[in-house]
Number of protein chains: 2
Amino acid sequence: MTTELLTRQAITPELVLDGLDDVLGLHIGTANTLFVTRLERQLEAMKVTPKQVAILWLVKANPGVKQTDLSRFFKIERPTVHQFVRSLMRNGFLINEPSKLDRRAGGLWITGEGETVLSAARVIIAESEAALTACLSSHEKSELYRLIMKVYLSAAQKG
Amino acid sequence: MTTELLTRQAITPELVLDGLDDVLGLHIGTANTLFVTRLERQLEAMKVTPKQVAILWLVKANPGVKQTDLSRFFKIERPTVHQFVRSLMRNGFLINEPSKLDRRAGGLWITGEGETVLSAARVIIAESEAALTACLSSHEKSELYRLIMKVYLSAAQKG
DNA sequence: TATTGTTATACTCTATAACTATA
DNA sequence: TATAGTTATAGAGTATAACAATA
């Protein structure tokens, strides 16, 4: 149990925060932006974005997966998924083979080039994750993971 | 100490996740998107976005504040701050009075209309926060807060 | 009618580059 | 030279509306 005081007030002591720093959503948002922005820069050279890597990751693990399934997993709309898929296809990392069982649906497959990029990106992501949680003990790490997941799943359930 | 298993696998059991669900950044990101998207919809009627409310909040607590100070607090670039400020001024929620001491700088002040919107938005944000953490015990709440803050401050320090 | 994918469009948040005015 | 603000532009991620093709 740590009692040290951790606040954003220390960063800009000249500002009166008036309770804004009590808003958990603000900290989750700014922390997220910080990580994502850094990760984007690290992935830039291999022509993928963080979200594109996540899509690539699932396509590799689930050959022939449908866009609808990805939409459900990430809880984003189908046209949003399609935008990532289109970029990945344009760069030759993914191909879309129409299903023979249901000709409405397409099946997504990763290409050789896509696998190469995914492998490299996974290394960068692992490093990024390690750096992100380096300040936490292993118990704190698993607690943060558990609490974020709990909050997310509870919110996702509500619709 | 809870031992129940909380995973995203349960949401889409048909998908093989291959370790993607071990990536903490993914969960922070999707949780954030979920909250922000909801909050945006709730604030839509009063013509402000979540980030605009945060700016309004600090301007009210720090009358005459400079855009540079807001930039430092949020760790975003000056032109990004300016975009929010411009929207808020266009809607009559903020005014920009040039400083007499340093004529490069402007001082931001909230308007009466801005105060009305801020008050209403704070109620919505408080409700949103409560809903977000309703699934957590009070100890879990403060732990999540502490851990996010710790990770954020550690990452922010590194530059 | 319902589902899958697609296209077009728009909005939020963020960044970089280049500029003006002032210190 | 350095700082405050501004303008223009771009890119990532998200959404809604409307459509075609298929079931």
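Calculation criteria
Residues numbered from 1 in each chain as written. Chains lettered and ligands numbered in written order. Predicted model: local features only at pLDDT ≥ 70, side-chain atom pairs only at ≥ 80, totals over all residues. Heavy atoms only, no water. Helix = DSSP H or I, 4+ residues; strand = E, 2+ residues; numbered from the N terminus. Rg over C-alpha atoms; globule rule 2.2 N^0.38 Å. Buried < 20%, exposed > 50% of the residue type's maximum accessible area, 1.4 Å probe, protein only. Near = heavy atom within 4 Å. Polar contact = N/O pair within 3.5 Å; in protein donor to acceptor, adjacent residues only side chain to side chain. Least-squares fit on C-alpha atoms with pLDDT ≥ 70 in both. Salt bridge = Lys/Arg side-chain N within 4 Å of Asp/Glu carboxyl O. Contact = heavy atoms within 4.5 Å. Buried area = accessible area lost by both parts, 1.4 Å probe. Axes fitted to C-alpha atoms, helices over the stretch in contact; angles between N-to-C directions. Parallel < 35°, antiparallel > 145°, perpendicular 65-115°, else oblique. Left-handed = near helix turned anticlockwise from the far one by under 90°. Nonpolar A, V, L, I, M, F, W, Y, C, P; charged D, E, K, R; others polar.

- Named according to an unreviewed UniProt entry, chain A is MarR family transcriptional regulator originating from Novosphingobium cyanobacteriorum.

With respect to the overall build of chain A
- Scanning chain A from terminus to terminus reveals six helices and two strands.
- Taken from N to C terminus, the helices and strands of chain A fall in the order α-α-α-α-β-β-α-α.
- Against the 2.2 N^0.38 benchmark of 15 Å for 159 residues, chain A shows a C-alpha radius of gyration of 19 Å, more extended than a compact globule.
- Here the C-alpha coordinates of chain A stretch approximately 60 × 35 × 30 Å along the principal axes.
- Within the span of chain A, comprising 159 residues, buried residues form 48% of the whole.

Considerations on the protein's contact with DNA strand D
- In the vicinity of DNA strand D lie 25 residues, with A:Thr49, A:Arg103, B:Gln67, B:Thr68 and B:His82 positioned nearest.
- Taking the atoms of DNA strand D that fall within 4 Å of the protein, sugar and phosphate contribute 69% of them.
- Here B:Arg41 contributes a side-chain N or O atom positioned 3.2 Å from a sugar or linking oxygen of DNA strand D.
- One of the side-chain N or O atoms of B:Asn96 is found 3.5 Å from a phosphate oxygen in DNA strand D.
- Contributing elements (two or more residues each) for the surface near DNA strand D: helix H2 (50–61) and helix H4 (78–90) of chain A together with helix H1 (24–43), helix H3 (67–74) and helix H4 (78–90) of chain B.

Comments concerning the relation of the copies chain B and chain A
- Screw-axis analysis of chain B against chain A gives a translation of 0.0 Å along the axis, an RMSD of 0.1 Å, and a rotation angle of 180°. With respect to symmetry, the two chain copies, as superposed, fit the operation of a two-fold axis. Minimal C-alpha separation from the rotation axis in chain B is found for B:Leu144, amounting to 3.1 Å.

Comments concerning the environment of B:Ala131
Residues and elements named next belong to chain B.
- Structurally, Ala131 can be placed in helix H5 (residues 112–132).
- Look at Ala131 and you get partly exposed, because its relative accessible area is 38%.
- Distance from Ala131 to Val81, taken between C-alpha atoms, is 29 Å for residues 50 residues apart in sequence.

Focus: the pattern of salt bridges
- Taken as a whole, this structure holds 16 salt bridges over all chains when the rule is applied.
- A salt bridge links B:Glu14 to A:Arg72, with the shortest nitrogen-to-oxygen separation between them at 2.8 Å. Taken together, the positions of B:Glu14 in the segment before H1 and A:Arg72 in helix H3 (residues 67–74) put the pair across two chains.
- The class of B:Glu14 is partly exposed, set by a relative accessible area of 41%.
- Judged by its relative accessible area of 41%, A:Arg72 is partly exposed.
- The closest approach of N and O atoms between B:Glu115 and B:Lys60, which form a salt bridge, is 3.7 Å. Of this pair, B:Glu115 sits in helix H5 while B:Lys60 sits in helix H2 (residues 50–61), placing them 55 residues apart in sequence.
- B:Glu115 gets classed as partly exposed once you look at its relative accessible area, which sits at 35%.

Notes on unusual backbone geometry
- Phi angles above zero are rare outside glycine, and A:Lys47 is one such case at about 60°.
- For A:Lys47, the position within the fold is in the loop between helix H1 (24–43) and H2.
- Unlike most non-glycine residues, B:Lys75 shows phi in positive territory, near 55°.
- Tracing the backbone shows B:Lys75 in the loop between H3 and H4.
- Judged by its relative accessible area of 37%, B:Lys75 falls in the partly exposed class.

Focus on the protein's contact with DNA strand C
- Taken together, 25 residues lie around DNA strand C, and A:Gln67, A:Thr68, A:Arg78, A:His82 and B:Thr49 are the ones closest in.
- In the interface set of DNA strand C, defined as its atoms within 4 Å of the protein, sugar plus phosphate atoms amount to 67%.
- For DNA strand C, a phosphate oxygen lies 2.8 Å from a polar atom in the side chain of A:His82.
- A distance of 2.9 Å is found between a base oxygen of DNA strand C and a side-chain nitrogen or oxygen belonging to B:Gln83.

Details of the interface of chain B and chain A
- In this complex, chain B contributes 66 residues to the contact, which on the side of chain A involves 66 residues.
- Counting the surface lost from both chain B and chain A, the interface buries some 7000 Å², and carbon and sulfur atoms represent 70% of this.
- Counting the contacts that link chain B with chain A gives eight salt bridges.
- Residue B:Arg122 pairs with A:Asp18 through a salt bridge whose shortest N-O separation is 3.1 Å.
- For the pair chain B and chain A, the number of links is 28 residue pairs in polar contact (both at pLDDT 80 or more).
- Taken together, the elements giving at least two residues each to the side of chain B that touches chain A come down to H1, H2, H3, H5 and helix H6 (138–157) of chain B.

Regarding the packing of H2(B) against H3(B)
Residue and element names in this part refer to chain B.
- The interhelical angle for the contact between H2 and H3, taken along N-to-C directions, is 120°, at an axis separation of 11 Å. What the angle tells us is that H2 and H3 run oblique. The element H2 and its partner H3 pack so that their crossing is right-handed. Residues Lys51, Ala54, Ile55, Leu58 and Val59 of H2 form the contact with H3, whose own contacting residues are Leu70, Phe73 and Phe74.
- Considered class by class, the residues forming the contact of H2 with H3 number seven nonpolar, no polar and one charged.

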